[in-house]
Amino acid sequence: MQGCCQSPHTRRCCLVSVGVGAVFLLTGLVVLVAGPGMLEKKILQTMALAPGSDRLQSWLVPPVQAALTGYGFHVTNPEAVMQGEKPVLEEVGPFVYKAVTVKDSVDQDTRKEHLEYNEDGETLTYRLRKFYFIDLSQSVGDPDTTFITVPNIPLLTGFSKIRDMGAWTKGTAADVVKNTGLGTPFINVSFTGLLWGYNDELPCMSLARPDECGAPEGEIDIFAGDSDDGEEWGDDDDDWKRKKRSAGRYKREAEKDLEIEFKEADFDSMQKPKAEYVDCKCEWGLFRDRNVTLRKPVKIHHGMADLSKKGWVEEFDSSPNMNWWQPGSTCDKLGGQDGAT
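All of the points below concern the structure found in this document. All figures in this text were calculated on a predicted structure; none of them were measured in a lab.

**Quick word on the packing of aromatic side chains**
Moving on, step 1. On inspection of all chains with the given rule, the structure shows seven aromatic pairs.
Moving on, step 2. Taking the centre distance of 6.1 Å and the plane angle of 65° together, the rings of Trp196 and Phe287 count as edge-to-face. Residue Trp196 is found in helix H6 (residues 191–196), and its partner Phe287 is found in the loop between strand S10 (281–284) and strand S11 (298–301); the two are separated by 91 residues along the sequence.
Moving on, step 3. The class of Trp196 is buried, set by a relative accessible area of 6%.
Moving on, step 4. Residue classification places Phe287 among the partly exposed positions, given a relative accessible area of 34%.
Moving on, step 5. Among the aromatic residues, those joined into a cluster by ring pairs are Tyr97, Tyr132, Trp196 and Phe287.
Moving on, step 6. Above the face of the Trp59 ring, Lys103 is positioned so that its terminal group lies 4.8 Å from the ring centre.
Moving on, step 7. Residue placement shows Arg129 over the ring face of Phe267; its charged tip is 3.8 Å from the ring centre.

If you want it as structure tokens, here you go:
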């Protein structure tokens with residue numbers, strides 16, 4: 001009896017079977033040895049911030065909602081503190097603001113995006129804007145109607161600016177600081193006002209008073225070296241307390257605000273300086289200039305040239321140094337990674 005592969009017909013079948021089996025065996029060995037590395041490389045290639053990629057889109061529009069959570073510390077014994085006693089503080093909060101970050105907003109004049117890939121083929125530069133909207137469902141209460149007693153920051157700043165003046169000049173300047181605006185070491189203000197703006201004349205002393213607001217009364221400008229612009233003396237505390245609720249506010253409901261087309265909104269009409277005249281009254285707030293304002297440019301590695309560098313910050317405000325510490329020192333060198341990448 002002959003074997004199944006002895007006849008010419010079956011011999012060809014056996015040879016083909018052996019050849020196909022050898023190919024599959026060799027392919028299997030290659031995949032087993034090199035497959036994990038090839039697959040990992042392929043996956044990592046999709047992680048770069050390439051134009052039009054899903055990864056770029058998820059970086060621009062993160063899948064999770066960021067939030068700014070704020071607390072206030074209410075001074076319960078301001079009179080005693082002014083007599084030298086220790087302050088007794090009461091924590092108030094949290095107040096939660098939904099935070100929307102836009103990295104590719106469009107310039108209204110040039111119609112160019114504030115995100116561009118650089119010619120070096122390794123980096124991109126973007127300038128972000130942040131939008132904050134109150135989330136009442138996550139907050140302890142309404143920040144518009146929650147009032148706290150806090151140190152008068154503009155007053156303390158004014159005293160700090162005049163501390164190195166001569167004796168006679170300092171005395172005159174101190175009187176101006178105390179008699180302009182609220183003029184008390186502690187103020188009672190809403191949480192919204194403290195962050196986004198309340199009325200106090202002192203921070204606007206170096207600003208030009210609008211013509212329609214009438215002529216200023218005798219002013220002494222201690223905040224600007226050579227400014228001759230005048231300001232109106234502030235109202236007394238009782239008058240300020242009656243009017244403090246009139247400060248401009250952003251829309252109340254986050255759900256409605258989030259319908260804004262952030263990329264191409266009319267940013268000029270939305271952004272505000274830290275202090276300005278509104279209806280002939282100076283308005284100032286800790287974060288008043290942080291909402292909507294275009295931030296300084298950041299240059300990072302996008303990862304298409306070298307994925308291991310993706311997100312590494314190369315420059316901030318067009319400089320590889322922070323310009324805070326000793327020039328040329330290690331402490332002053334810019335570094336770190338954009339965690340959002």
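Don't stop here, the text continues.
**Regarding helix H4 (residues 153–162)**
Because the α-helix completes a turn every 3.6 residues, residues three or four places apart line up on one side.
Moving on, step 1. Pro154, Leu155, Gly158 and Ile162 are the residues of H4 that are buried. Taken around the axis of H4, the buried residues stretch over an arc of 100°, which confines them to a single face.

**Description of the state of the cysteines**
Moving on, step 1. Inspection of the entire model under this criterion finds two disulfides.
Moving on, step 2. Each sulfur in the disulfide pair Cys204 and Cys282 lies 2.0 Å from the other. One quick way to see it: the torsion about the S-S bond of Cys204 and Cys282 is about 80°, and its sign makes the bridge right-handed. Note that Cys204 is positioned in the loop between strand S8 (198–199) and helix H7 (237–243) and Cys282 in strand S10, a separation of 78 residues in sequence. Taken as a pair, Cys204 and Cys282 share a single burial class, namely buried.
Moving on, step 3. Two residues, Cys213 and Cys280, share a disulfide whose sulfurs are 2.1 Å apart.

**Comments concerning a negative patch on the surface**
Moving on, step 1. On the surface, Glu119, Asp120, Glu122, Asp306 and Glu314 cluster together into a patch of negative charge.
Moving on, step 2. Relative to the elements of secondary structure, Asp120 occurs in the loop between strand S3 (115–117) and strand S4 (123–126).

**Description of the sheet that holds S11**
Moving on, step 1. Judged by pairing direction, the sheet is antiparallel, and its four strands sit side by side in the order S3-S4-S11-S12 without closing on themselves. Of all strands in the sheet, those with a lone pairing partner are S3 and strand S12 (313–316), marking the two edges. Direction aside, the axes of adjacent strands within the sheet are offset by 20° on average.
Moving on, step 2. Where S4 meets S11, four bridges bridge the pair, whose relative direction is antiparallel. Residue pairing across strands places Tyr126 opposite Val298, the latter belonging to S11.

**As for the side chain of Glu201**
Moving on, step 1. Relative to the elements of secondary structure, Glu201 occurs in the loop between S8 and H7.
Moving on, step 2. Within the structure, Glu201 has its side chain in polar contact with the backbone nitrogen of Cys282 (distance 3.2 Å).

**Points about the sheet that holds strand S2 (residues 89–102)**
Moving on, step 1. Spatial strand order, S1-S2-S5: three strands in an open sheet with antiparallel pairing. Sheet topology places strand S1 (66–75) and strand S5 (129–134) at the edges, where each strand pairs with a single neighbour. Neighbour-to-neighbour, the strand axes of the sheet open up by a mean angle of 35°, direction not taken into account.
Moving on, step 2. Inspection of the sheet shows S1 paired to S2 by nine bridges, in the antiparallel sense. Each bridged residue has a counterpart across the sheet, and for Gly70 the counterpart in S2 is Phe95.

Cut-offs used in this document
Residues numbered from 1 in each chain as written. Predicted model: local features only at pLDDT ≥ 70, side-chain atom pairs only at ≥ 80, totals over all residues. Heavy atoms only, no water. Phe/Tyr/Trp six-rings, centres within 6.5 Å; stacked < 30°, edge-to-face > 60°. Helix = DSSP H or I, 4+ residues; strand = E, 2+ residues; numbered from the N terminus. Buried < 20%, exposed > 50% of the residue type's maximum accessible area, 1.4 Å probe, protein only. Lys NZ or Arg CZ within 6 Å of the ring centre and 35° of its normal. Arc of directions from axis to C-beta. Disulfide = S-S within 2.5 Å. Patch = residues over 30% accessible without salt bridge, like charges linked within 9 Å, V, L, I, M, F, W, Y side chains within 5 Å. Areas by Shrake-Rupley, 256 points an atom, 1.4 Å probe, with all protein chains shown as cover. Salt bridge = Lys/Arg side-chain N within 4 Å of Asp/Glu carboxyl O. Lys, Arg positive; Asp, Glu negative; His and termini not counted. Charge placed at Lys NZ, Arg CZ, Asp CG, Glu CD. Pairing = 2+ DSSP bridges. Axes fitted to C-alpha atoms, helices over the stretch in contact; angles between N-to-C directions. Polar contact = N/O pair within 3.5 Å; in protein donor to acceptor, adjacent residues only side chain to side chain.

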